[in-house]
Amino acid sequence: MIAQTPVEPRDSSRLLILNRSDESIKEGIFRDIVYYIKPGEVLVLNDTRVIPARLQGKLPTGGKVEVFFLKPVGNGKWETLVKPGRKLQPGSHILFGEIEVEVLDKTSFGGRIISFPSDETARNIQDVYGKTPLPPYIKTPLTNPERYQTVFSLKKGSTAAPTAALHFTPGLLKELEDKGVEIVYITLHMGLTSFRPIKEEVLEEHRLEGEYYNVPSDTARKVNKAKEKGLRVFACGTDAVRALETAGQKDGRVEEGEGNTELFILPGYKFKVVDALITNLHLPRSSHLVLVSTFAGKGLVFEAYKYAIEKGFRFYSFGDATLIL
């Protein structure tokens, strides 16, 4: 049931609609979402852009290695995942064309810190040698890399797409704007946290790696204005939820700002900002599924997933969407 290719057009995917108040489950088409968001309400989207993070390099001896860029840590250094790890111990060198880089250190999660001549050089190497980092469960090659980007992607930094937002088209966004919906943007660059499965049996023992987020002043102002009027805030994606809730205050207001968030939303968490959620159908043992279950209740979510399986919904990154009201 894992979707191997995206549907066309983007907004023609199916939509699973969960209502928390009466625990009802029904379905529609994604573009129907325009009927569920009222004038004055806020739709929060993530404007991150996926970098070409998967690269093939060579050892000085000629052997091939794979480097997966995660995030910059300053002064030309990047956190990465590497294969094969045994050949890339600290002090090893990797060649990308004529450029030689050095493996400096190991990370706490088994990756490597790699040093490049500069941040600009690292970005140039990605642009020349990098490929779109599709999830491992997608086996079909992507003919158009832009299909793994949202239509409003802007700020480079993610190694995974904000997949719930892949369903939006320029036309659907305009329709929402014409209706009077406030469309605003946050940035959250997704990295290792977005695809590392939960291995712990006790949820509280799982930790998320820090991910960069930014909530601009205009976004904070419009969200706060809606909250003051009693209007709902729709977060598109668990990434948008984490950015908003990280910036959220106890009184429900959002403060502008940026930083790294390690927020892991799990049962017992009290949502401060988000009133409705647009998301996809997630993998087992993922922090995304835990967040969704916390927001809507595990019972309703598991009933909805049972419904989705019975009705032949498409799962994961290129799959169908869910709206939780």
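Description of the structure in this document. (Residues numbered from 1 in each chain as written. Predicted model: local features only at pLDDT ≥ 70, side-chain atom pairs only at ≥ 80, totals over all residues. Heavy atoms only, no water.)

1. Re the overall build of the chain
At step 1: Per the secondary structure count, the chain includes six helices and 17 strands.
At step 2: By principal-axis analysis of the C-alpha atoms, the chain measures approximately 65 × 40 × 40 Å.
At step 3: In the chain, which comprises 325 residues, the share counted as buried stands at 52%.
At step 4: Pairs at least 24 apart in sequence give 71% of the contacts found in the chain among residues at least 6 apart.
At step 5: By element, 51% of the accessible surface of the chain is carried by carbon and sulfur atoms, the whole surface being about 14,800 Å².
At step 6: Across the chain, the centroid of the 44 positively charged side chains sits 3 Å from that of the 41 negatively charged ones. (Helix = DSSP H or I, 4+ residues; strand = E, 2+ residues; numbered from the N terminus. Buried < 20%, exposed > 50% of the residue type's maximum accessible area, 1.4 Å probe, protein only. Contact = heavy atoms within 4.5 Å. Areas by Shrake-Rupley, 256 points an atom, 1.4 Å probe, with all protein chains shown as cover. Lys, Arg positive; Asp, Glu negative; His and termini not counted. Charge placed at Lys NZ, Arg CZ, Asp CG, Glu CD.)

2. Details of the nonpolar core
At step 1: Of all hydrophobic cores here, the largest spans 51 residues; its most connected members are Val 44, Ile 186 and Leu 244.
At step 2: The contact partners of Leu 244, leaving out residues within four places of it in the chain, are Val 44, Ile 186, Val 233, Ala 235, Val 254, Val 273 and Val 274.
At step 3: One finds Ile 17, Ala 165, Leu 173 and Leu 325 within the second-largest nonpolar core, a separate group that totals 24 residues. (Core = buried A, V, L, I, M, F, W, Y, C linked by side-chain atoms within 4.5 Å.)

3. Quick word on the sheet that holds strand 12 (residues 182-188)
Backbone-to-backbone hydrogen bonds join strands into a sheet, with any given pair of strands oriented parallel or antiparallel.
At step 1: Strand order in the open sheet formed by nine strands is 2-1-17-16-14-3-12-13-15, and the pairing between neighbours is mixed. Of all strands in the sheet, those with a lone pairing partner are strand 2 (24-29) and strand 15 (257-261), marking the two edges. Pairs of neighbouring strands in the sheet enclose a mean axial angle of 25°, with direction left out of account.
At step 2: As paired strands, strand 1 (residues 14-19) and strand 2 are joined by six bridges and run antiparallel to one another. The partner of Ile 17 across the bridge, within strand 2, is Lys 26.
At step 3: Along the sheet face, helix 5 (residues 287-296) touches strand 16 (276-280) and strand 17 (321-324) and points at about 150° away from the line of strand 16. (Pairing = 2+ DSSP bridges. Axes fitted to C-alpha atoms, helices over the stretch in contact; angles between N-to-C directions.)

4. Focus on the environment of Lys 156
At step 1: Inspection of the secondary structure assignment puts Lys 156 in strand 11 (residues 155-158).
At step 2: Judged by relative accessible area, which is 46%, Lys 156 ranks as partly exposed.
At step 3: The spacing of Lys 156 and Val 184 is 28 residues in sequence and 18 Å in space, taken between C-alpha atoms.
At step 4: Ignoring any residue separated from it by four or fewer positions in sequence, one finds Lys 156 in contact with Arg 49, Ile 51, Asp 127 and His 189.

5. Thoughts on the packing of helix 4 (residues 238-247) against helix 5
At step 1: At a closest axis distance of 10 Å, the pairing of helix 4 and helix 5 adopts a crossing angle of 70°. Judged by the angle between their axes, helix 4 and helix 5 are roughly perpendicular. Read as a crossing pair, helix 4 and helix 5 show a hand that is left-handed. Each of Thr 238, Val 241 and Arg 242 in helix 4 lies in contact with helix 5, whose residues at this interface are His 288, Leu 291 and Val 292.
At step 2: Taken together, the residues of the contact of helix 4 with helix 5 break down into three nonpolar, two polar and one charged. (Parallel < 35°, antiparallel > 145°, perpendicular 65-115°, else oblique. Left-handed = near helix turned anticlockwise from the far one by under 90°. Nonpolar A, V, L, I, M, F, W, Y, C, P; charged D, E, K, R; others polar.)

Don't take any of this as a statement about function, it's just geometry.
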